[in-house]
Amino acid sequence: MFMNRRSLFGALVMVAALGASQAALAEKYEGVTVTIAATADRVQKAAADALTVLGVEIKKNEPGYVEGPRSRKFGAFVGSGGEVLSVKITDKGSGNCEVTVRTTKTFMGRAGQKVWDQPMIDEINKSLAATPAQ
Amino acid sequence: MVGSRTAWLAAVLCLGLLPACSTTQGRFVPLGEPRPPRTADAHVDVYRDALPTRPFERVARLDAHLEKTAFRKSSFEDALPELMRRARAAGADAIIEPKEQRSQVGETMIYHITATGIRYTD
């Protein structure tokens, strides 16, 4: 019985450590940065389009930054949603922008969440291609 | 008796949770000068494959986004009410050029449709 309690305690400590290390990794994770040959205002619009296509309810849309959460759904198994997706846009001049996309997973429903960094970049590029520069 | 009561309870619980198992979102972005919205019951034409023969101008980009869990898929017809709602809000008479995208995250089936809202000019 005593051993069982010790094992249980050990397991709890391991789970807590794992959770803490994941949280620490999430804090250090800075997303993916790419350079896009388009002006900042075009990329800003494309970023809003991209987040919409990925099911984000945009909460912040200010010059140089777009952010919002994906809606949360309960499922038969794990459900999905709840991730916060963000796009940071820095004008580099000469018609180029540095774009940093980042997915922040949340504690609730983490098992059903995924990293949307590459889909965000793909959708930004798609939107830019669909709306040629004037 | 207890078994059937439990089954009923489970069924009621599942029905209660069903709305939380699916989400519908949408938005419109004016292409140029914003137009006044149309009434909630205004008729909206839908052109899935062809373009209208009447002259028109593009007034808005329309988006509808549906996600359903438990591997349930959405269709164009499921997205149409949201798309039409956004078209009316954008002041559009019709919807053209719908582009569908499907993806999946685990058990969640994702369906997104992007279209163009137009206004007849004749």
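Residues numbered from 1 in each chain as written. Chains lettered and ligands numbered in written order. Predicted model: local features only at pLDDT ≥ 70, side-chain atom pairs only at ≥ 80, totals over all residues.

A. Region of the structure containing the interface of chain A and chain B. Chain A puts 15 residues into the contact, and the matching count from chain B is 20 residues. Split into classes, the residues belonging to the side of chain A that touches chain B amount to five nonpolar, seven polar and three charged. (Contact = placed C-beta atoms within 7 Å. Nonpolar A, V, L, I, M, F, W, Y, C, P; charged D, E, K, R; others polar.)

B. Broad picture of the pairing of strand 4 (residues 84–93) of chain A. Residue and element names in this part refer to chain A. Two strands pair when backbone bridges link them, and strand 3 (residues 65–69) and strand 4 are joined in this way by five bridges, in the antiparallel orientation. Within the sheet, the bridge partner assigned to Val 66 lies in strand 4 and is Val 87. Both strand 4 and strand 5 (residues 96–104) contribute to a ladder of nine bridges, which runs antiparallel. Residue pairing across strands places Gly 93 opposite Asn 96, the latter belonging to strand 5. Counting the residues between successive antiparallel strands, the hairpin from strand 4 to strand 5 contains two residues, one of them, Ser 94, with a positive phi of roughly 55 degrees. (Pairing = 2+ DSSP bridges. Helix = DSSP H or I, 4+ residues; strand = E, 2+ residues; numbered from the N terminus.)

C. Inspection of unusual backbone geometry at higher detail. Residues and elements named next belong to chain B. Phi is positive for Phe 71, close to 60 degrees, though the residue is something other than glycine. With a phi angle near 50 degrees, Glu 97 is a residue other than glycine that sits in the positive phi range. Along the chain, Glu 97 turns up in strand 4 (residues 94–105). Given 15 C-beta atoms within a 10 Å radius, Glu 97 is considered partly exposed. (Buried ≥ 20, exposed ≤ 12 C-beta atoms within 10 Å, placed from the backbone.)

D. Examining the environment of A:Asn125 more closely. Residues and elements named next belong to chain A. Inspection of the secondary structure assignment puts Asn 125 in helix 3 (residues 117–130). Accessibility expressed as a C-beta count within 10 Å gives 16 for Asn 125, which makes it partly exposed. Separated by 79 residues in sequence, Asn 125 and Ala 46 place their C-alpha atoms 7.6 Å apart.

E. Highlighting the sheet that holds strand 5 of chain A. Residue and element names in this part refer to chain A. Strands sit in the order 1-5-4-3-2 across an open sheet of five strands; the sheet is antiparallel. What marks the edges here is a single partner per strand, and that holds for strand 1 (32–36) and strand 2 (60–62). Between one strand axis and the next, the sheet turns through 15 degrees on average, direction left out of account. Contacts from helix 2 (residues 40–53) reach strand 1, strand 2, strand 3, strand 4 and strand 5 within the one sheet, and its direction differs from that of strand 4 by about 165 degrees. Where helix 3 meets the sheet, it contacts strand 1, strand 4 and strand 5, and its direction lies at approximately 145 degrees from that of strand 5. (Axes fitted to C-alpha atoms, helices over the stretch in contact; angles between N-to-C directions.)

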